[in-house]
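This is what each chain is made of:
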Amino acid sequence: MRPSSARKRAAIIDAARGLFLREGYERTSMDGIAAAAGVSKPTVYEHFGDKEGLFSVIVGASVEALVQTIDLAAIEELAADRPLAPALLGFARRVVGDAISSSDYTVIRVLLGSEHPVAGLERQSEEASQAMFSRHFAALADAGRIVTRNPSRAAQHFVALTLFLATEHGADDDTDQILEDGVDAFVRAYGR
C-alpha cells in the first residue's frame with residue numbers, strides 16, 4: 001500500500017470511528033465519512049467496499065487490540081511462579097485498569113450496542129475473547145494450578161465473578177473489593 005493510500009485509509013477509519021460513536025451506525029453516511037476524512041466518496045468505497053465493511057474493520061481492530069491487551073496481562077500476571085490468588089487478582093486488576101478503561105473497549109461497547117445490521121460482529125467479539133481466556137485457563141489447569149475438567153467454563157466463571165461484576169458496578173472504590181471477593185470465590189472453587 002502506497003504511503004498516501006495508507007494515510008487516506010487511516011483518515012477514513014478515524015473519521016468513521018468518530019462519526020459512528022457520535023451519530024450511530026444508521027445516521028452515519030458514507031458522504032459524511034468522506035467529508036470528515038477529507039477524501040472522495042469513491043475513495044471510501046475503494047478501501048472498504050461499503051459502510052458495513054468499514055464498520056466491521058473498526059470493530060474488528062478494536063476487538064483485536066482489546067484481546068491483545070488482555071492476553072498480555074494474562075501472560076505477565078498468571079506466571080507459574082506466582083501463587084494463584086495474587087496472580088488472578090493482578091490479572092483482574094490489569095484487565096479492569098488497562099483493557100476495560102481503554103478506548104477500544106468503549107468503541108466495542110458503544111458500537112456493538114448500537115443499531116447496526118452487521119451480522120455476526122457480537123459473536124465474533126465474544127468468541128475471540130472467550131478463546132483467549134479459555135487458552136489461559138487451560139494452561140492453569142494443565143499446570144495443576146486449578147482443578148477443572150472444563151477450562152472454558154472455569155474462565156467464564158472467573159469473568160462472571162470478577163470482570164463482569166466490576167464493569168456492571170462501575171468504577172468506584174468498591175471495584176477492587178469486587179475483584180478480591182471474586183478471586184477468593186474462584187480460588188475456593190477451582191484452586192488446588
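Notes on the structure in this doc start here. (Residues numbered from 1 in each chain as written. Predicted model: local features only at pLDDT ≥ 70, side-chain atom pairs only at ≥ 80, totals over all residues. Heavy atoms only, no water.)

### Re the packing of helix H5 (residues 84-100) against helix H7 (residues 121-142)
1) Next: Axis separation between H5 and H7 bottoms out at 13 Å; the angle between their running directions is 170 degrees. Judged by the inter-axis angle, H5 sits roughly antiparallel to H7. Contacts between H5 and H7 involve Leu84, Leu88 and Phe91 from the first element and Phe133, Phe137 and Leu140 from the second.
2) Next: Its residues placed into classes, the contact of H5 with H7 shows six nonpolar, no polar and no charged. (Axes fitted to C-alpha atoms, helices over the stretch in contact; angles between N-to-C directions. Helix = DSSP H or I, 4+ residues; strand = E, 2+ residues; numbered from the N terminus. Parallel < 35°, antiparallel > 145°, perpendicular 65-115°, else oblique. Contact = heavy atoms within 4.5 Å. Nonpolar A, V, L, I, M, F, W, Y, C, P; charged D, E, K, R; others polar.)

### Side note on the packing of aromatic side chains
1) Next: A full pass over the atoms with the stated rule returns nine aromatic pairs.
2) Next: Ring centres of Phe20 and Tyr25 lie 5.7 Å apart, and the angle between their planes is 10 degrees; on these two criteria the pair is classed as stacked.
3) Next: On the basis of relative accessibility, which here comes to 1%, the residue Phe20 falls in the buried class.
4) Next: Note on Phe137 and Phe186: the rings are 5.7 Å apart at their centroids and 85 degrees apart in plane angle, and the pair reads as edge-to-face. Taken together, the residues Phe137 in helix H7 and Phe186 in helix H9 (residues 175-190) connect sequence positions 49 residues apart.
5) Next: The exposure class assigned to Phe137 is buried, which follows from its relative accessible area of 0%.
6) Next: Overall, the relative accessible area of 0% leaves Phe186 in the buried class.
7) Next: Clustering of aromatic rings is evident, with ring pairs tying together Phe91, Phe133, Phe137, Phe158, Phe186 and Tyr190.
8) Next: Lys51 extends its terminal NZ or CZ atom over the ring of Tyr25, reaching a point 4.3 Å from the ring centre. (Phe/Tyr/Trp six-rings, centres within 6.5 Å; stacked < 30°, edge-to-face > 60°. Buried < 20%, exposed > 50% of the residue type's maximum accessible area, 1.4 Å probe, protein only. Lys NZ or Arg CZ within 6 Å of the ring centre and 35° of its normal.)

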